[in-house]
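Geometric and topological summary
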Amino acid sequence: MTHWIETPDALRARIATPPAAIGLDTEFIRERTYWPQLALVQIALGESDDDILLVDPLRPGMAKALAPLLADPGVLKLMHSPSEDLVAFKHACGVLPAPLFDTQAAAALCGLGSGLGYQKLVQAVTGVELAKGETRSDWLRRPLSPAQLDYAADDVRHLHALHRDLQSRLATNGRAAWLAEDSERQLANATSDDSDRWPHLAIRSAQFLDADGQRRLLRLLRWRDAQARTSDRPRSWILDNELAVALARQKLDSRLRFDALLDGFPKAPRNLRTPLWEALTTPLPDEAQAPPVRGDDRDKKQLRALQDAVAAVAAELGLPEGVLASRRLLEGLQDGNGWTGPLAGWRRAVLEPRLSPLLGG
């Protein structure tokens, strides 16, 4: 029988002597907010149902009670594809669950597939077929239904078994250090919690703007992100991409022209028109350093050769191609960004000898 934990004291009693590893997951809501709202925390202290805690983080003091366990360096946290869970924990509890063992990343390094969902991985490793019925539940409502509680418990029930299997495979193929490196990078990214410095690069239609237009778009997107964080509202509720590009496309040298264009969009943030105008017309200190949004002007033959080389290395290692390098990362190499981010470390060691000659290095 799993345990519903609704007081900080009950949680502290259960985790007073924590095990060497815990299964960990969350349910959160992020439909109407910038930050994920932590709605439930599932903890598997061991492999029996009696070891599964369903913790209510909506109770006063619960986040503070969770923090020491999350930050305990002597407790390995077993999680599956935890990137958004990390953000939820950081925002709610002020700490990150570390050290980390990501079962999805481990499965990829073991050659089981790239981006495997939890249900598919559990079935592949244990043979157990899990239900999928509560993925769109309202996890903020109380009380949670029996079906919700069963689903939530399932999300951590098999993490210890997955860890045991995957850890053995990693020891056999010598890739445990690769997973540790990727886990540290994932935690570092969540720790920094910095806004994207160059958000305009993610807007595909920005390639059709001239250099001044791209700089104006950068100003608007930086302003939007700051507004979204401060107000805890989704970015698109502050300013959607279509309007941002439309405002950036024209050199609006008068407030009257700006107001007229803004009023032509039904979803325009009219109550923010003055700070929006100021953001649009105020240069950023570093905008001259902003990389331009590239269209389809890269060397396609070179990119194809890079992709073929990555595919060949992946086949030799028994890995999915996407685990080694995505098209976006290869385009970054073409643009001269170097072996940074995910391409540093072990990926550089296995890829650089094959890719460097193709890059002219």
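Here, every reference points to the structure presented above.
Below, the structure is looked at part by part.

Of the regular secondary structure elements, the chain holds 17 helices and 6 strands. The principal-axis extents of the C-alpha atoms in the chain amount to approximately 65 × 55 × 35 Å. Buried positions account for 46% of the 361 residues belonging to the chain. Within the chain, contacts between residues separated by at least 24 positions form 64% of all contacts whose residues are at least 6 apart in sequence.

All right, on to the packing of aromatic side chains then. Tallied over the entire structure, the rule returns 4 aromatic pairs. Between Y34 and W35 the ring centres are 4.8 Å apart and the planes differ by 80 degrees, which places this aromatic pair in the edge-to-face class. The class for W35 is buried, based on a relative accessible area of 12%. Arranged with centres 5.2 Å apart and planes meeting at 50 degrees, the rings of F258 and W277 form a pair that is tilted. In this pair, F258 sits in helix α12 (residues 255–263) while W277 sits in helix α13 (residues 273–281), placing the two residues 19 residues apart along the sequence. Of the two residues examined, F258 and W277, each falls in the buried class.

Taken as a whole, this structure holds 30 salt bridges when the rule is applied. Here R157 and D154 are joined by a salt bridge, their closest N and O atoms 2.4 Å apart. Taken together, the positions of R157 and D154, both in helix α6 (residues 146–157) and 3 residues apart, correspond to about one turn of that helix. Here R354 makes a salt bridge to E316, at a shortest N to O gap of 3.0 Å. Of the two residues, R354 sits in helix α17 (residues 346–359) while E316 sits in helix α14 (residues 300–317), which places them 38 residues apart along the sequence.

Moving on, we get to the nonpolar core. Membership of the largest hydrophobic core comes to 49 residues, with the highest contact counts inside it found for W139, L166, L324, L330, L351 and L355. When residues in this core are grouped by element, the largest group, 6 residues, is from α14.

Glancing now at the packing of helix α9 (residues 211–231) against helix α11 (residues 241–249). It is the contact of α9 with α11, at a shortest axis distance of 8 Å, that shows an interaxial angle of 140 degrees. Here α9 lies oblique to α11, going by the angle between them. As for how α9 packs across α11, the hand of that crossing is right-handed. Contact with α9, carried on its side by G213, R216, L217, L220, L221 and R224, involves N241, A244, V245, L247, A248 and R249 of α11 and no other residues of that element.

Moving on to helix α16 (residues 327–334). Counted residue by residue, α16 has 6 buried out of 8 residues, so it is predominantly covered. Those residues of α16 that sit buried are L329, L330, E331, G332, L333 and Q334. Next to the buried residues of α16 lie α14 and α17. Residue G336 follows α16 closely and has a positive phi angle near 85 degrees.

This part takes up the pairing of strand β3 (residues 37–44). Here is the key point about a regular strand: its side chains alternate between the two faces of the sheet. Most of β3 is tucked away: 7 of the 8 residues are buried. Sheet analysis places strand β2 (residues 21–29) next to β3, joined by 7 bridges and oriented antiparallel. Residue T26 lies in a different strand from β3, and its bridge partner there is V41. Note that β3 and strand β4 (residues 52–55) share 4 bridges and pair antiparallel. Bridge pairing in β4 links V41 to V55.

Conventions adopted
Residues numbered from 1 in each chain as written. Predicted model: local features only at pLDDT ≥ 70, side-chain atom pairs only at ≥ 80, totals over all residues. Heavy atoms only, no water. Helix = DSSP H or I, 4+ residues; strand = E, 2+ residues; numbered from the N terminus. Buried < 20%, exposed > 50% of the residue type's maximum accessible area, 1.4 Å probe, protein only. Contact = heavy atoms within 4.5 Å. Phe/Tyr/Trp six-rings, centres within 6.5 Å; stacked < 30°, edge-to-face > 60°. Salt bridge = Lys/Arg side-chain N within 4 Å of Asp/Glu carboxyl O. Core = buried A, V, L, I, M, F, W, Y, C linked by side-chain atoms within 4.5 Å. Axes fitted to C-alpha atoms, helices over the stretch in contact; angles between N-to-C directions. Parallel < 35°, antiparallel > 145°, perpendicular 65-115°, else oblique. Left-handed = near helix turned anticlockwise from the far one by under 90°. Pairing = 2+ DSSP bridges.

Function-wise, these values are silent; they only describe arrangement.
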